[in-house]
Amino acid sequence: ERGLYVWFIQYSGDSWGPGPGRRLPGAPSPLTSNGTQSSIHVRRALVITNQRELDMLWAEHNGARPAALPKPLVDFEKQALVAVFAGDKPTHGYSLYVKAIKETEKVIEVHVGLLAPAKDAKVLREITQPWLALPIEKKGGKPVRVFFKE
C-alpha cells in the first residue's frame, strides 16, 4: 500500500488558496478549494468524474448567491473531483480537512474529517455549511472513493 500526500492550507471564508490551478512544490494536485457557505444544506460526499456533473453540482452549491464561487479547475481526462459538504452547522468554526489519501491495489481512498470549534471557543452563532473540493489524480483507472467521518 502506497500513500499519497496532499498539502492542505485552510483559509477563512470561501477561497482558492493561492489561486485556481496553482500548486505547492511536491503536491500531487492543486490546493483544496474550501469554504463555509454553501446552498447545499445536507451532508454529502461525492466523486465527480465529468464536466456535466461538476456544472450541476456547482449550480446547486452556488444556489441564488449573487457572487458565484468559481468552479474548481479539473482536467477530467486525468483527474476526478472529490466534493464534500458537511451540511448545516450551528456556528462558525467548523471546517473540513483531508485526513489521508491512500492508494491500494484496487482503489484510491480519500478520507475527510470535520474540525469543530473548541467547546469554550467564542464563535459567531450563525449557521454555516462547511465544504471542500479536491481535484485528485486518476491513477491507472482506479476508482476514487471518499470516506467522510465527523
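Throughout, a residue's number is its position along its own chain's written sequence, starting from 1. With the structure being a predicted model, the display of local features is reserved for residues of pLDDT at least 70 and the display and counting of side-chain atom pairs for 80 or more, all residues being used for whole-chain, interface and lining totals. The basis for every side-chain value is the complete set of heavy atoms in the structure, and neither hydrogens nor water enter the calculation.

## Side note on the confidence of the model for the chain
Put simply, the rule reads: The predictor attaches a confidence to each residue, and that confidence, scored 0 to 100, is pLDDT. In what follows, a contact means two residues having at least one pair of non-hydrogen atoms within 4.5 Å.
With 79% of its residues at a pLDDT of at least 70, the chain reaches an overall mean of 81. Below pLDDT 50 for its whole length, residues 1-30 participates in 72 contacts with residues either more than four positions away or in separate chains.

## Some points on the sheet that holds strand E7 (residues 131-137)
Spelled out, the test is: At least two DSSP bridges between two strands are required for those strands to pair. Each helix is a run of DSSP H or I of at least 4 residues and each strand a run of E of at least 2, with the numbering of both proceeding from the N terminus. Axis lines are fitted through C-alpha atoms, for helices just across the contact stretch, and the angle between N-to-C directions can take any value from 0 to 180 degrees.
Strand order in the open sheet formed by 4 strands is E2-E7-E4-E3, and the pairing between neighbours is antiparallel. The open sheet has two free edges, formed respectively by strand E2 (33-35) and strand E3 (43-48), since each of these has just one partner strand. Looking at each pair of strands side by side, their axes are set apart by 10 degrees on average, direction ignored. Pairing between strand E4 (residues 79-86) and E7: 7 bridges, direction antiparallel. Bridged to Leu 81 within E7 is Pro 135. Those strands touched by helix H1 (residues 51-62) are E3, E4 and E7, and its axis lies near 155 degrees from that of E3.

## Concerning the environment of Arg 145
The line we're drawing: Burial status follows relative accessibility: with a 1.4 Å probe on protein chains alone, a residue under 20% of its type maximum counts as buried, one over 50% as exposed, and anything between as partly exposed.
Of note, Arg 145 is situated in strand E8 (residues 144-149). Exposure remark for Arg 145: the relative accessible area of 44% places this residue in the partly exposed category. Between the alpha carbons of Arg 145 and Val 107 there is a distance of 7.1 Å; along the sequence they are 38 residues apart. Each residue touching Arg 145, except ones within four places of it in the same chain, is listed here: Val 107, Ile 108, Glu 109 and Val 110.

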